[in-house]
Amino acid sequence: MRILDSGDPSFTATRAQAVKFGPAQVDWETRVDFVALREYRLARTRAAMEKHNLDFLLSIRLENGRYISGCKRLYWPTLTLAGGPVIMLPREGHMSIGVIDTDMQSKALSWIPADRFREPRRMEVAHEVVAYAKELRELFGNALDNATIGVDLWSPAMFEVLPKEFPNAKFVDGQTAMLDARAIKSPDEIACMKMAYAIAEAGMYDAVQALRPGIRECELVGIAFNKFWQLGAETSQCSHAINSGPGSEPYRRFHTDRIIQYGEIVNIDLGACWNGYFSDFCRPFICGMKPSTRQLELFKTAYEKQVEGLNAIKPGLSVGEVCKSLGRKALGHSIGMGPLDPPMLHSTWDDVLQPGMTFSVYTPHLGELGVGGIHIEDEVVITETGCEVYSTFPVFGIDE
């Protein structure tokens, strides 16, 4: 059995075209127009600011900073409000950007005037936020005094200091505006996401080729990651959930040093990041043999549930409607410059599916103690008529 098989009449979603180019830039064709991509993202951000009546947007979140400015930063293993980018974006005019390595960044980000760069402040420390407020005065003068300022992430220090430093300004939620801006991807953004998938698929293949009794889960992660870096990935979607045997039921969402044994179910959940855009898909396998009768039943049920979910995703429906129509609590999550974004495909959410939205769609977890658990996850972009599935790796590591 293979998902997206043209011979499978139950599958009515669209098979994605493969990415048509390699990860390098060349002079003989336009692959990704990164100038147009940056202009699109900034225009989307400012349109969202206007929609939400924001005069300024203070961005702390890494993915929002990359989206607004193109600034590439380290993907920290834990949340940190140091190092930047810390961006103050006016609805009109040049942004300010606080980021480490200002000399390098001001030259690399040539589309932002060099005098708008500053060393970053630790935005979780009160006296550092006071110093940041002083810098904003120098850069924007009195324009902030009566402004409505959206903030995408607050620290307690920011919450305490900024309203005191700008007492006549109105501080409001800025993350909702950013999620609106980032929701609809341009063709260039979708091309980046398909490249991120192609890299993850290559890592998946190498890991599957190495899957055998005696190999450890962590070794499979290392093999996949090695391929990621060879192909130009910036980072991975997470530390990665490779689980096996008893670790697949109940489902464990990280890898360990467990030794994989013969006949066990192994779930490999991978995602790479390419030029700021993430992929995330999962496939289940059997180590060293064909499945038992009960394992095959779980595989078949999971496959049918996944096809059912993919077929149901269409523009104009709310995510809650889709989930409820299937009797499901959840179907997945949005993905893009954030590796795990809202909106969630969840029965309690009312966001309407629109063309250009991108999601990771997954099965309900199906498992049985002593048998194992199955997880399938696919990547899709919403089209005018339904959804295009661009994670075309075989669903199963076995064929009947």
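On a predicted model such as this, the values are computed, not experimentally measured, just so you know. (Residues numbered from 1 in each chain as written. Predicted model: local features only at pLDDT ≥ 70, side-chain atom pairs only at ≥ 80, totals over all residues. Heavy atoms only, no water.)

Peer 1: Got a minute to help me understand unusual backbone geometry in this structure?
Peer 2: Most peptide bonds adopt trans geometry, and most residues besides glycine take a negative phi value. Following G84, the chain continues to P85 via a peptide bond in cis, the omega torsion being 0°. Mapped onto the elements of the fold, P85 is located in the loop between α2 (62–69) and β3 (86–90). With omega at -5°, the peptide bond leading from E249 into P250 counts as cis. The residue P250 is located in the loop between β9 (241–244) and β10 (265–270) in this model. You will see that D101, though not glycine, has its phi angle at about 60°, which is positive. Position of D101 relative to the elements: it lies in the loop between β4 (96–98) and α3 (102–108). You can call D101 partly exposed: its relative accessible area is 47%. (Helix = DSSP H or I, 4+ residues; strand = E, 2+ residues; numbered from the N terminus. Buried < 20%, exposed > 50% of the residue type's maximum accessible area, 1.4 Å probe, protein only.)

Peer 1: In this structure, what is going on with the pattern of salt bridges? I would like to understand it.
Peer 2: Two side chains with opposite charge may pair up if their charged atoms get near one another. For the coordinates displayed, the defined rule picks out 18 salt bridges. The salt bridge involving R182 is made with D341; its shortest N-O contact spans 2.4 Å. In this pair, R182 sits in helix α6 (residues 175–183) while D341 sits in strand β15 (residues 341–346), placing the two residues 159 residues apart along the sequence. For the pair R182 and D341, a shared accessibility class is recorded, and that class is buried. Salt bridges here are not isolated pairs; linked through shared partners, they connect R121, E128 and E135. (Salt bridge = Lys/Arg side-chain N within 4 Å of Asp/Glu carboxyl O.)

Peer 1: Mind showing me how you'd approach the nonpolar core here?
Peer 2: Soluble globular proteins: nonpolar side chains tend toward being buried together. Ranked by size, the top nonpolar core spans 59 residues in total, and within it M204, L211, L220, F228, I268 and W274 carry the most contacts. Here the element with the most residues in this core is helix α7 (residues 187–210); it accounts for 12 residues. Ignoring anything within four residues of it in the chain, the contact list for L211 reads L220, I260, V266, F285, I286 and C287. Counting 33 residues, the second-largest nonpolar core is a separate cluster that includes A183, L298, F299 and V395. (Core = buried A, V, L, I, M, F, W, Y, C linked by side-chain atoms within 4.5 Å. Contact = heavy atoms within 4.5 Å.)

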